[in-house]
Amino acid sequence: MAGASFYDQIAANRRNSFLMAAFVVVLLALLGGTIGYALSGSPQGALAVTAFAVLLGAGSGAFTYFAGDSLLLAVSQAREVDEAQAPQLMNVVGELAIAANVPMPKVYLIDDTAPNAFATGRDPAHASVAITSGLLEKLDREELQGVIGHELSHVRNFDIRFSLIVAVMVGVIAVLADFFLRFTFWGGARSRGGDRDGGGNAAQAIIFIVAIVLAILAPLISRFIQLAVSRQREYLADASSVELTRNPYGLERALAKIAGDQEVLEVANRGTQHLYFTNPIKKFEERSSGLMSTHPSILDRINRLRQLTGEAPLGAAEAASLTGLD
């Protein structure tokens, strides 16, 4: 087998995503500290603002942590199914749950002809997997195993929890930056400037400028990192799916089929798109304009799978006819 094994891919993708998440934590602490010092002129003020940011994130994160999956399933119009209603699906989920060494998740069906799926839940003991009816109709058993293996890998790797933590930190950075910029715009900078002139606090003046720059750049940087983390976790779930199924071909064919499918997943939106197996918002849709990528390209994902089998990557001509792969 040429190239990296799925164990190598798993290790590299996990390492990359943790490093990027750590950078977001550092960015939040740096932004909170500079804003606090800029406003108060003291280390105690810097610590107070940083602590406030952490508490704000903890509060919003706690709500999403315990109630987010129920809201997501409701918004997606998913209904729970059992073995009598979807015997093959329940069988595939059950066998891969055993392979992943996770409890059997609840299984939901979304009545939509677009093939896609997502997993949600705060941990393996409270996990759910939702599959569209189009996925069941258009994929064979091996392809379905590849997709379910991918989704259960998200569960086993705690990707939902991991993504939630990153999203909360990114949200707190945006709130903190917006507050500081509004404060500055409405006269806070002039007020602090008068204090600085009186006290000759040059250090505070410099930190105030640094805080303004960070408040402008930090939300953009953290958002790009969040998207990069999302893409790394998709690569990780693909490699983990191969570990579970020992069959990269099923997942590769599933990706190719979904890439060529023109059906639109009506229940998906910009807030939920990152959770799906592939981005449910198609490039030709009106709502796709201006979106940044939450998923790696289908071609990149297929070529990483081909590395595992030693096959040559797809070239430009093959990529252009990706929709013809079956």
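It should be noted that the structure appears before, not after, this text.
This text gives an overview of the structure that appears in the document.

Cut-off values and rules
Residues numbered from 1 in each chain as written. Predicted model: local features only at pLDDT ≥ 70, side-chain atom pairs only at ≥ 80, totals over all residues. Heavy atoms only, no water. Helix = DSSP H or I, 4+ residues; strand = E, 2+ residues; numbered from the N terminus. Buried < 20%, exposed > 50% of the residue type's maximum accessible area, 1.4 Å probe, protein only. Contact = heavy atoms within 4.5 Å. Areas by Shrake-Rupley, 256 points an atom, 1.4 Å probe, with all protein chains shown as cover. Pairing = 2+ DSSP bridges. Axes fitted to C-alpha atoms, helices over the stretch in contact; angles between N-to-C directions. Expected span 1.5 Å × (residues − 1).

A word on the overall build of the protein
Line of reasoning, step 1. What the protein contains, in helices and strands, is 10 helices and 4 strands.
Line of reasoning, step 2. Per-residue burial over the protein gives 50% buried out of 326 residues.
Line of reasoning, step 3. Restricting the contact set of the protein to residue pairs at least 6 apart, pairs at least 24 apart contribute 69%.
Line of reasoning, step 4. In the form shown here, the protein has an accessible surface area of approximately 15000 Å², with 62% of it arising from carbon and sulfur atoms.

Quick look at the environment of Arg231
Line of reasoning, step 1. With respect to the element layout, Arg231 can be found in helix 7 (residues 202–245).
Line of reasoning, step 2. With relative accessibility at 26%, the residue Arg231 sits in the partly exposed group.
Line of reasoning, step 3. Taking C-alpha positions, Arg231 is 5.4 Å from Pro296, a pair spaced 65 residues apart along the chain.
Line of reasoning, step 4. Discounting residues that sit within four places of it in the chain, Arg231 has contacts with Ser293, Thr294, His295 and Pro296.

A look at the sheet that holds strand 2 (residues 106–110)
Line of reasoning, step 1. In spatial order, the strands read 1-2-4-3; together these 4 strands make up an open sheet with mixed pairing. Either end of the sheet is taken by a strand with one partner, and the two such strands are strand 1 (78–80) and strand 3 (117–120). On average, adjacent strands in this sheet sit at an angle of 25° to one another, irrespective of strand direction.
Line of reasoning, step 2. Both strand 1 and strand 2 contribute to a ladder of 3 bridges, which runs antiparallel. Counted as the bridge partner of Ala78 is Ile110 from strand 2.
Line of reasoning, step 3. In the packing of helix 2 (residues 43–75) onto the sheet, contacts are made with strand 1, strand 2, strand 3 and strand 4 (128–132), and the angle to strand 3 comes to roughly 155°.

Digging into the pairing of strand 2
Line of reasoning, step 1. Of all 5 residues making up strand 2, 4 are buried, and the element is well covered by its neighbours.
Line of reasoning, step 2. For strand 2 and strand 4, the ladder comprises 5 bridges, and the chain directions are parallel. The partner of Ile110 across the bridge, within strand 4, is Thr132.

Here we look at helix 3 (residues 87–100)
Line of reasoning, step 1. With 14 residues, helix 3 ought to run about 20 Å at 1.5 Å a step, and its terminal C-alpha atoms sit 20 Å apart, in line with that.
Line of reasoning, step 2. Taken residue by residue, helix 3 has Leu89, Met90, Val92, Val93, Gly94, Leu96, Ala97 and Ala100 as its buried positions.
Line of reasoning, step 3. For helix 3, the elements touching its buried residues are strand 2, strand 4, helix 4 (133–138), helix 5 (141–156) and helix 7.
Line of reasoning, step 4. Positive phi shows up at Asn101, right after helix 3, with a value of about 60°.

As for the environment of Ile160
Line of reasoning, step 1. Tracing the backbone through its elements, the reader meets Ile160 in helix 6 (residues 159–199).
Line of reasoning, step 2. In this structure, the C-alpha to C-alpha distance between Ile160 and Asp69, residues 91 residues apart in sequence, is 9.6 Å.
Line of reasoning, step 3. Dropping the residues within four chain positions of it, Ile160 is found in contact with Ala119, Thr120, Gly121, His154 and Leu275.

That is the geometry; function is a separate question.
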